[in-house]
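A closer look at the structure
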Amino acid sequence: MKGSEKNVTIETVLFDFDGTLADSNELINQSHLSVLEEYFPGEYTLDSVRQFNGPSLETTYQFLGAEKSEEMITKYREYNAVYHNQMIRLFKGVEENLKLLKQKGVRLGIVSTKRNDVLEKGIRHLNLEGLFEVVIGAEDYTHFKPYPEPIYAAMAKLNCQHSTTIMVGDNGHDILAAKNAGIMSVFVGWSQKTSEEIAPFKPDLTVQTMDELAAFVLKNEVSRLDKGRD
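Please read all numbers here as calculations on a predicted model, not as lab measurements.

Looking at the nonpolar core
Counting 35 residues, the largest nonpolar core has F15, F17 and L98 as its most contacted members. At the level of secondary structure, the elements contributing two or more residues to this core comprise β2 (12-15), α4 (94-103), β5 (107-111), α5 (116-125), β7 (165-169), β8 (184-188), β9 (205-207) and α9 (210-229). It is α9 that contributes the most residues to this core, six residues altogether. Excluding anything up to four places from it in sequence, F17 contacts A22, I88, I110, S112, K114, L119, G122, I123, L126 and L128.

The structure is reproduced here in structure tokens:
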């Protein structure tokens, strides 16, 4: 575990979905490559499309080709829908640690750039239903991460406090969104992004496993409970 060892009380944990809870990296990369190979043959590889894993589809395809962005997004979604269940899985330790955190009274939410129906599909397929008090998808806000609006949307529904909420994610957009929202940012070491790539965003904390994340959250929850007994 690297980063800040602030004496914080954690009551709410907001998670990004893709690349953080769901190992959908291969699905996302292959979906992008299937589109880009058609429109820009030979210009991209599986490694080079990693840069598009994180930003919204609208941001990515407006950047790549504004005139045909909607057409390319449609083709991305078609490929993604066909291979979704076949290529998406949970990262190690996710399910058991989410259940542990919820059992201990920690409030859980998802803040994603994914379209709501696809996000809910992923939650169902991965058997995560019932674990999250709030699920925020692309239709719930106007400005994508790194703007703080998606986080604000989740916090408003939960009526939670900035000082007791953290955002956990796998890319710079998540870290910046947390900072812009005024809450603690946590980067997951199992991200496709390297430590060097994420360093400029200066996450408050980096964890290498879900066990490590749960231990950090519950350590601070125990501190809160102990204080309440005094």
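Thoughts on the packing of aromatic side chains
Under the defined criterion, the tally for this structure stands at six aromatic pairs. Taken together, a centroid distance of 4.6 Å and an interplanar angle of 40 degrees make the contact between Y79 and Y83 tilted. Separated by four residues within a single helix, Y79 and Y83 lie in helix α3 (residues 69-87), roughly one turn from each other. Through successive ring pairs, a cluster of aromatic residues spans F40, Y44 and F52.

Concerning the side chain of K145
Looking at the secondary structure, you find K145 in the loop between β6 (134-136) and α6 (149-158). Look at K145 and you get buried, because its relative accessible area is 6%. Here V111 takes part through its backbone oxygen, which lies 3.0 Å from a polar atom of the side chain of K145. Once residues lying within four places of it in the same chain are set aside, the contact partners of K145 are D16, V111, S112, T113, P150, M167, H173, D174 and A177.

Quick word on the packing of α3 against α5
Two elements in contact, α3 and α5, have axes separated by 10 Å at closest approach and are oriented at 15 degrees. When the axis of α3 is compared with that of α5, the two are roughly parallel. When you trace α3 past α5, the crossing you get is right-handed. For the pair formed by α3 and α5, the contact residues are N80, A81, H84 and N85 on the first element and V118, K121, G122 and H125 on the second.

Let's talk about unusual backbone geometry
What is expected of a backbone is that most residues other than glycine have negative phi and most peptide bonds are trans. A cis amide bond links K145 to the next residue, P146, at an omega of 20 degrees. You can see P146 is positioned in the loop between β6 and α6. The residue N127 is not glycine, and still its phi comes out positive at about 60 degrees. With respect to the secondary-structure elements, N127 resides in the loop between α5 and β6.

A short note on the environment of K99
Its location among the elements puts K99 in helix α4. As for K99 and L128, which are separated by 29 residues in sequence, their C-alpha atoms are 9.1 Å apart. Within the structure, the side chain of K99 is placed 3.0 Å from the side chain of E95, a separation counted as a polar contact.

Cut-off values and rules
Residues numbered from 1 in each chain as written. Predicted model: local features only at pLDDT ≥ 70, side-chain atom pairs only at ≥ 80, totals over all residues. Heavy atoms only, no water. Core = buried A, V, L, I, M, F, W, Y, C linked by side-chain atoms within 4.5 Å. Buried < 20%, exposed > 50% of the residue type's maximum accessible area, 1.4 Å probe, protein only. Helix = DSSP H or I, 4+ residues; strand = E, 2+ residues; numbered from the N terminus. Contact = heavy atoms within 4.5 Å. Phe/Tyr/Trp six-rings, centres within 6.5 Å; stacked < 30°, edge-to-face > 60°. Polar contact = N/O pair within 3.5 Å; in protein donor to acceptor, adjacent residues only side chain to side chain. Axes fitted to C-alpha atoms, helices over the stretch in contact; angles between N-to-C directions. Parallel < 35°, antiparallel > 145°, perpendicular 65-115°, else oblique. Left-handed = near helix turned anticlockwise from the far one by under 90°.

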